[in-house]
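Structural characterization, general
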Amino acid sequence: MRDFVYNAHPGRVIFGRGTLARLPEEIGRLGLKKVLLLATPQQVESVAHLADLIGDQSAGIFAGARMHTPTEVTKQALDQLRESGADGVVALGGGSTIGLGKALAFRTDVPQIVIPTTYAGSEMTPILGETADGLKRTQSSPKILPETVIYDVDLTMTLPARMSGVSGMNAIAHAVEAMYAKDANPIITLMAAEAIAALSGALPAIARDPQDAQARSKALYGAWLCGTCLGAVGMSLHHKLCHTLGGSFDLPHAETHTIVLPHALAYNGPAIPDVIERLRVVLKTDDPARRLYEIAQEIGAPRSLKEIGMPREGIARAVELAMSNAYWNPRPLEASPLTGLITRAWEGEAPHS
Ligand code: NAD
């Protein structure tokens, strides 16, 4: 066995159906008097229900969370946090709302309770991505990590089928890359394998029936583990490529991950035989990259980068950018096979394993 380092992040997780009802108790457990509730404008109704549930423990609602955590939104929320006298925050929503809670905690160290309603996994990482003057900056600090996470499967039932699929594939990408990370370790690999098994079974079932509570439960469980993987070890080619493609061509986050993942895995395959062997078992297939490509089809995700708005001329630029930022990857980055990878993803072809 290889030597390894395993960092366990502190944090309390409550998982199940109807777990939202435990929020008042959890606020008390952290010794908080009043909390500011955070949401996007789209989830204002759900957060109003939370305010009713916690009564006097509510210091008000800020329902202005936006994608990519713009710092001007954080400033408004920070003003409201100070005026309200709240000593904690509760974020209900996906990565956008959770990002706002993290941005407030980073500035003030207020304790956070997070109630995730998508599969993005941000609640499990000490990472914050913020946008100022059109530029996204990422930082990491223990202050950013939420204190308590309440997963309530019932809240995910309304997540639209298509978004559930791509959000879940985005989560799978965290687990796949965790298995071949430079700082991979056996504990995180266990979680990654469990997560991929849970999500790869659940996502096609949700696409067939978004009200399938068993599948929803498995998907949320898998997403939690994937978030833990993302927060624990470094990511490589797949995440760097998606970051570059998303930033350069303004492509949607989860869809880009869904399209690129089978190709990135096929690229790295020759350098990670042990991981491929494990994925064969987990995904019940001879060709894990191909199976991920098929799952993307089963959930009705877009197949190609061209479909989601990347111009063909962008391929050469994307290769150049991917090669210019030095980062660790199990297989060295070479221009010609990378061009093949991005071209196939652009066309929507099957991966070359
Ligand atoms: P999101 O939070 O932007 O949500 C998308 C939309 O879906 C919003 O309008 C939201 O209100 C709505 N929604 C969420 N849950 C719903 C539900 N159950 N029912 C109905 N509508 C619902 O999307 P996301 O994919 O969760 O998050 C994306 C953001 O999170 C990106 O900015 C990404 O960079 C960030 N992220 C950060 C990390 C990290 O570790 N820092 C990890 C993953 C993602």
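Residues numbered from 1 in each chain as written. Predicted model: local features only at pLDDT ≥ 70, side-chain atom pairs only at ≥ 80, totals over all residues. Heavy atoms only, no water.

Before going further, it helps to examine a nonpolar patch on the surface. On the surface, a cluster of nonpolar side chains totalling about 440 Å² of accessible area is made up of Met-1, Phe-4, Tyr-6 and Ile-187. For Met-1, the position within the fold is in the segment before β1 (12–16). (Patch = residues over 30% accessible without salt bridge, like charges linked within 9 Å, V, L, I, M, F, W, Y side chains within 5 Å. Areas by Shrake-Rupley, 256 points an atom, 1.4 Å probe, with all protein chains shown as cover. Salt bridge = Lys/Arg side-chain N within 4 Å of Asp/Glu carboxyl O. Helix = DSSP H or I, 4+ residues; strand = E, 2+ residues; numbered from the N terminus.)

Another aspect to go through is the packing of aromatic side chains. Centre distance and the angle of the planes are the two values used to describe a pair of aromatic rings. Under the criterion given, the structure shown has five aromatic pairs. An aromatic cluster of three or more residues is present, and its members are Phe-15, Tyr-151, Tyr-221 and Trp-224. It is Lys-143 that lies over the ring of Phe-106; its NZ or CZ is 5.6 Å from the centre. Over the ring of Tyr-267 we find Arg-331; its NZ or CZ atom is 4.1 Å from the centre of that ring. (Phe/Tyr/Trp six-rings, centres within 6.5 Å; stacked < 30°, edge-to-face > 60°. Lys NZ or Arg CZ within 6 Å of the ring centre and 35° of its normal.)

Counting residues in hydrophobic clusters, the biggest one holds 54 residues, and the most contacted among them are Ile-172, Ile-196 and Leu-265. Listed by contribution, the elements that provide at least two residues to this core are β8 (148–152), α6 (161–179), α7 (186–208), α8 (213–232), α10 (253–268), α11 (273–283) and α12 (288–298). The biggest single contributor to this core is α7, with ten residues. There are two domains that each give this core at least three residues, and those are domain 1 (12–156) and domain 2 (161–347). Residues contacting Leu-265, with those up to four places away along its chain left out, are Val-176, Tyr-180, Ile-272, Ile-276, Leu-279, Pro-288, Ala-289 and Leu-292. Core analysis: the next-biggest nonpolar cluster, separate from the first, contains 23 residues, Phe-249, Leu-305, Ile-308 and Met-310 among them. (Core = buried A, V, L, I, M, F, W, Y, C linked by side-chain atoms within 4.5 Å. Buried < 20%, exposed > 50% of the residue type's maximum accessible area, 1.4 Å probe, protein only. Domains from an automatic or database assignment. Contact = heavy atoms within 4.5 Å.)

By the secondary structure assignment, Thr-258 is in helix α10. Residue contacts for Thr-258: discarding those within four places in its chain leaves Val-166, Met-169, Ala-296 and Ala-301.

Here, UniProt's "domain: Alcohol dehydrogenase iron-type/glycerol dehydrogenase GldA" (unreviewed entry) annotation points to residues 10–152. Taken end to end, residues 10–152 has its terminal C-alpha atoms 20 Å apart, with 32% of it in helix and 29% in strand. (UniProt positions renumbered as here; feature names shortened; annotations may be inferred.)

Right, let's talk about the domain arrangement of the protein chain for a bit. By convention, interface size is frequently given as the accessible area that disappears when the constituent parts associate. With domains assigned, the protein chain is organised as domain 1 (12–156) and domain 2 (161–347). Each of domain 1 and domain 2 was reduced to a C-alpha centroid, and the two centroids are 27 Å apart. With both sides pooled, the region where domain 1 packs onto domain 2 buries about 1,600 Å², and carbon together with sulfur makes up 72% of that total. Linking domain 1 with domain 2 are zero salt bridges, by the criterion used here. Inspection of the domain 1/domain 2 interface yields four residue pairs in polar contact (both at pLDDT 80 or more). Contributing elements (two or more residues each) for the side of domain 1 that touches domain 2: β1, β8 and α5 (153–156). Its residues assigned to classes, the side of domain 1 that touches domain 2 shows nine nonpolar, four polar and two charged. (Buried area = accessible area lost by both parts, 1.4 Å probe. Polar contact = N/O pair within 3.5 Å; in protein donor to acceptor, adjacent residues only side chain to side chain. Nonpolar A, V, L, I, M, F, W, Y, C, P; charged D, E, K, R; others polar.)

Surveying the vicinity of the ligand reveals 21 residues, the closest of which are Thr-40, Ser-96, Thr-117, Thr-118 and Thr-125. Ile-127 is positioned such that a nitrogen or oxygen atom in its backbone is 3.0 Å from a nitrogen atom of the ligand. Interatomic distance of 3.0 Å between a backbone N/O atom of Leu-155 and a nitrogen atom of the ligand. Starting from 870 Å² of accessible surface for the ligand in isolation, the protein chains cover 83%. Here the shell around the ligand takes three residues from helix α4 (residues 95–108), the largest share from any one element. Residue composition of the shell around the ligand, grouped by class: seven nonpolar, twelve polar and two charged. (Near = heavy atom within 4 Å.)

Close contact between α10 and α12 brings their axes to 8 Å; oriented N to C, the two are set at 170°. Between α10 and α12, the angle is such that the two are roughly antiparallel. Contacts between α10 and α12 pair Thr-258, Leu-261, Pro-262, Leu-265 and Ala-266 from the former with Pro-288, Ala-289, Leu-292, Tyr-293 and Ala-296 from the latter. Split into classes, the residues belonging to the contact of α10 with α12 amount to nine nonpolar, one polar and no charged. (Axes fitted to C-alpha atoms, helices over the stretch in contact; angles between N-to-C directions. Parallel < 35°, antiparallel > 145°, perpendicular 65-115°, else oblique.)

To continue, consider the pairing of strand β7 (residues 135–140). For a regular strand, side chains alternate in direction, first toward one face of the sheet and then toward the other. Bridge analysis of strand β6 (residues 127–132) against β7 gives six bridges, and the strand direction is antiparallel. Bridge pairing in β7 links Ala-132 to Leu-135. The hairpin formed by β6 and β7 contains two residues between the paired strands, and Asp-133 there has a positive phi angle of roughly 50°. (Pairing = 2+ DSSP bridges.)

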